[in-house]
Amino acid sequence: MPIKVLEPDVVSKIAAGEVVERPASVVKELVENSLDAGATQIAVEAQGGGVELIKVSDNGTGIPASELELAFHRYATSKIGNLDDLEKISSLGFRGEALPSIAAVTEVEILTQTSSETVGSYMYSRKGEVLRTESRARPQGTTITVRRLFRYFPARLKFLKSANTENSHIANLVSQYALAYPEVKFSLVLDKRSSLHTTGNGDLREVISEIYGSELAQSMLQVDQNDGLPKVSGLTSPPSLARSNRNYLSFFVNRRWVRSPLLTRATEEAYRGLIMDGQHPIAAINISLPAQELDVNIHPAKAQIKFCHEQAVFSSVHKAVEEALAKTPIASSKSVPFPVSSGQWQSPRMIMDNEPAFVIAQLPAMELPVLRVLGQLANTYIIAEGPAGLYLIDQHAAHERILYDRISAQWAQKEVEVQGLLQPITIELSPREEETLRASKEFLAEFGFTIEPFGNRSYVIRTIPALMVRANIIEIISALLDSLDIKESPNPWEEKITQSLACHGAIRAGQQLSNEEMRELIKQLEQTKQPRSCPHGRPTMIHLSSHQLEKEFGRIS
Ligand code: ADP
Ligand code: MG
């Protein structure tokens, strides 16, 4: 279809608005245009967090010279023509807003050529004003270079985060589209560093390997739900490979990258009972259904969608992921760690009385009495006796409290104990993790981590905090980067690091402990300032008083 300005009746129906929020939104619009143009190769480059430069080159259809200027008009698009088309959008773009919006706040250069032209066309504009057009040759495709984003709008520029943060958004965005289009060869260069490179051979597992590492890619489970609608396909992680946030959950609807609480829930419910609370799977899942079955015309950024039949979508996704999980032996053998529900301990009489059999220790009494270890329950709880009755101590929560107090004390006194590694550990980071690491290297150094680049998104860890010597360092680093990447969290970085180290460095539920180890753990817990709660505020222990015991056994009434 040639590029045309949409009729007013269509314009009035589209969810128009701001599309250029930050550098990554420019990248998104340009990459989507390249995909809509059928490109099989897309090269993205950014400098200075995208504020200095963003360049996207593709080998797609190109724009005919006669339509080039029109492409920069508001509501000019080749993708839809009338109101009916709006009901069944099959392209990523459809509003004809991106190019004019981008051009209005930047300097844009475009060089494009179609297959039927012998020479291509070039255009240069600043703040939306065309300053130069000429004929220039290039192979078929389009290259758009955007410079000095918001330079002429200082108020907008002020709101942008650091270049590193913007880079991490761009890295994430290109990674997502690489996952959605494994048959397209993507490359991303950030500040002249190669950040991502996919082969475009159509293999999703290979893209996952490039972004998240080969180990993870190998263990991902195939999701394949082909009968009925919608079709669901992709890869999802085995329960043993959960992450502490949802950054690794990617959903695409007809290959559009979307944020959808519905799809997140449908997927996560399939993992219920298989992974711990607060943990999230890793997945790249595409849902395909007829264009009429969904509405993408909700928000200018087009990242939100509405399904006509939400329930059907939910069930298909849930079922598809459940089936993928059922294929692993782990899913059937692994169960939730020992349940903490107090119901298990209640006698029938107590339930009728509606009175709990035991109460969680009252927080104000901070100090712990001297405790004597009796044993370990379900490899998860330490059973101990004190002058006032029985104590059940959650070994993970207790150790977390101990580590948290020690790490914060060492950091506050600038006396973090550092341990050099005889055998340095190498870690491979995703493009997004790499940007987070570059932004937070100094912070991590203050906590004892020396991490050096080793080329190709590999890093070498030379020193770690001494308190973490027994922990799985690779896991700790990836959890740290996750927690530092969560922008919405109001916690300062030192709090994020301390919490993450304490949580991931602490012994796990399910780990068998010797009597010696249990005694040591309790001794250390006694020395903390708030032994009765973990840093997240959950209790470290449950106390069953002698009085309650006597009452339970009917010794007293
Ligand atoms: P939309 O994508 O909503 O149609 P845009 O403003 O993003 O609006 O683009 C306007 C038009 O310019 C598109 O409809 C398309 O015809 C053309 N166009 C933009 N980028 C490219 C590209 N990389 N290759 C080919 N055509 C393009
Ligand atoms: Mg577009």
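Values in this document were obtained by computation on a predicted structure and should not be read as measured data.

Rules and cut-offs
Throughout this description, residue numbers start from 1 for each chain and increase along the sequence as written. Labels are handed out in written order, letters beginning with A for the chains and numbers beginning with 1 for the ligands. Per-residue local features of the predicted model are confined to residues with pLDDT of at least 70, and side-chain atom pairs are confined, for both listing and counting, to 80 or more; whole-chain, interface and lining totals are unaffected and use all residues. Side-chain measures here rest on the full set of heavy atoms in the structure, leaving out hydrogens and waters. Using a 1.4 Å probe on the protein chains alone, a residue whose accessible area is under 20% of its type maximum counts as buried, one over 50% counts as exposed, and one in between counts as partly exposed. We define proximity as follows: a residue is near a molecule or strand when any one of its heavy atoms falls within 4 Å of that partner. In the analysis that follows, any N or O atom pair within 3.5 Å is treated as a polar contact, provided that within protein one partner can donate a hydrogen and the other can accept it, and provided that, for residues neighboring in sequence, both atoms belong to side chains. Accessible surface area values rest on a Shrake-Rupley calculation with a 1.4 Å probe, where residue burial reflects the displayed protein chains alone. Going along the chain from the N terminus, every DSSP run of H or I of four or more residues is numbered as a helix, and every run of E of two or more is numbered as a strand. Each residue gets one label: Ala, Val, Leu, Ile, Met, Phe, Trp, Tyr, Cys and Pro are nonpolar, Asp, Glu, Lys and Arg are charged, and the others, such as Gly, are polar. Multiplying 1.5 Å by the helix residue count minus one yields the expected span of that helix. pLDDT is defined as a per-residue confidence score from the predictor, taking values between 0 and 100. Here, residues are in contact when the closest pair of their heavy atoms is within 4.5 Å. Definitions used for this entry: grid spacing 1 Å over protein atoms alone; cavity, a set of points where a 1.4 Å probe fits but cannot get out; pocket, an open set with protein on both sides within 12 Å along at least 5 of 7 lines; lining residue, one with an atom within 4 Å of a point. Grid points are joined across faces, edges and corners, and a volume is the space filled by probe spheres set on the points.

1. Describing unusual backbone geometry
Piece 1. The phi torsion at R148 lies on the positive side, around 55°, for a residue other than glycine.
Piece 2. Phi angles above zero are rare outside glycine, and F150 is one such case at about 65°.
Piece 3. Residue F150 is classed as buried on the basis of its relative accessible area of 0%.

2. Re the site of ligand 1
Piece 1. Every one of the 22 residues lining ligand 1 counts as a neighbour, but N33, T77, S78, K79 and G96 are closest to it.
Piece 2. For ligand 1, an oxygen atom lies 2.8 Å from a polar atom in the backbone of R95.
Piece 3. A98 is positioned such that a nitrogen or oxygen atom in its backbone is 3.3 Å from an oxygen atom of ligand 1.
Piece 4. Compared with its free state, where it exposes 530 Å², ligand 1 has 95% of that area covered by protein.
Piece 5. Looking at the shell around ligand 1, the elements that each hand over two or more residues are α2 (23-36), β4 (76-77) and α5 (98-104).
Piece 6. Tallying contributions element by element places α5 first for the shell around ligand 1, with three residues.
Piece 7. Partitioned by chemical class, the residues of the shell around ligand 1 number nine nonpolar, nine polar and four charged.

3. Section: helix α11 (residues 310-326)
Piece 1. For α11, spanning 17 residues, the distance from its first C-alpha to its last is 24 Å, which sits close to the expected 24 Å at 1.5 Å a residue.
Piece 2. Those residues of α11 that sit buried are V313, F314, S316, V317, H318, A320, V321, A324 and L325.

4. A look at the confidence of the model for the protein
Piece 1. Per-residue pLDDT for the protein averages 87, and the proportion of residues at 70 or more is 92%.
Piece 2. For the stretch residues 330-365, pLDDT sits under 50, and the model shows 52 contacts to residues farther than four places along the chain or on other chains.

5. Section: the layout of surface pockets
Piece 1. For the second largest pocket, the calculated volume is near 1400 Å³.
Piece 2. As for the second largest pocket, its lining consists of 38 residues, of which H169, N172, W257, R259 and R432 are closest to the centre.
Piece 3. Taken together, the elements giving at least two residues each to the lining of the second largest pocket come down to α2, α6 (154-159), α7 (163-180), β13 (249-253), β14 (256-258) and α10 (261-270).
Piece 4. In terms of residue count, the dominant contributor to the lining of the second largest pocket is α7 (six residues).
Piece 5. When grouped by side-chain class, the residues that make up the lining of the second largest pocket number 13 nonpolar, twelve polar and 13 charged.

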